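Structural features, examined
Residue-level listing of the chains:
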Amino acid sequence: MGRTNFGGVVKQVCLEYTPEVQCGDYVLVHVGFALSKVDEAEAERTYQALEAMKQLGELETPEFEVEDAAPSGG
């Protein structure tokens, strides 16, 4: 397992299919699996394309409010 950083979002991914990956490498990730290693230029092109298509918003996680779960008297 390893950690990836995409646009400031850090996630844990499985490196089972990419045993050659080293810290600092760029990888193509799909559903939590690093599928292949890519060079920095390809990573930049992919990021720019996703940004142009306004697809980077999917990286944001919704904020959840935690409500008090104390039982009510009765």
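Here is what the cut-offs are and how they apply
- Residues numbered from 1 in each chain as written.
- Predicted model: local features only at pLDDT ≥ 70, side-chain atom pairs only at ≥ 80, totals over all residues.
- Heavy atoms only, no water.
- Salt bridge = Lys/Arg side-chain N within 4 Å of Asp/Glu carboxyl O.
- Helix = DSSP H or I, 4+ residues; strand = E, 2+ residues; numbered from the N terminus.
- Pairing = 2+ DSSP bridges.

Throughout the structure, instances matching the rule amount to two salt bridges. Here D25 and K37 are joined by a salt bridge, their closest N and O atoms 3.4 Å apart. Taken together, the positions of D25 in the loop between β2 (9-13) and β3 (26-30) and K37 in strand β4 (residues 33-38) put the pair twelve residues apart, joining distant regions of the chain.

Sheet topology note: the β3/β4 ladder contains five bridges and is antiparallel. The partner of V29 across the bridge, within β4, is A34. Between β3 and the antiparallel strand that follows it, β4, lie two residues; V31 among them carries a positive phi value of about 40°.

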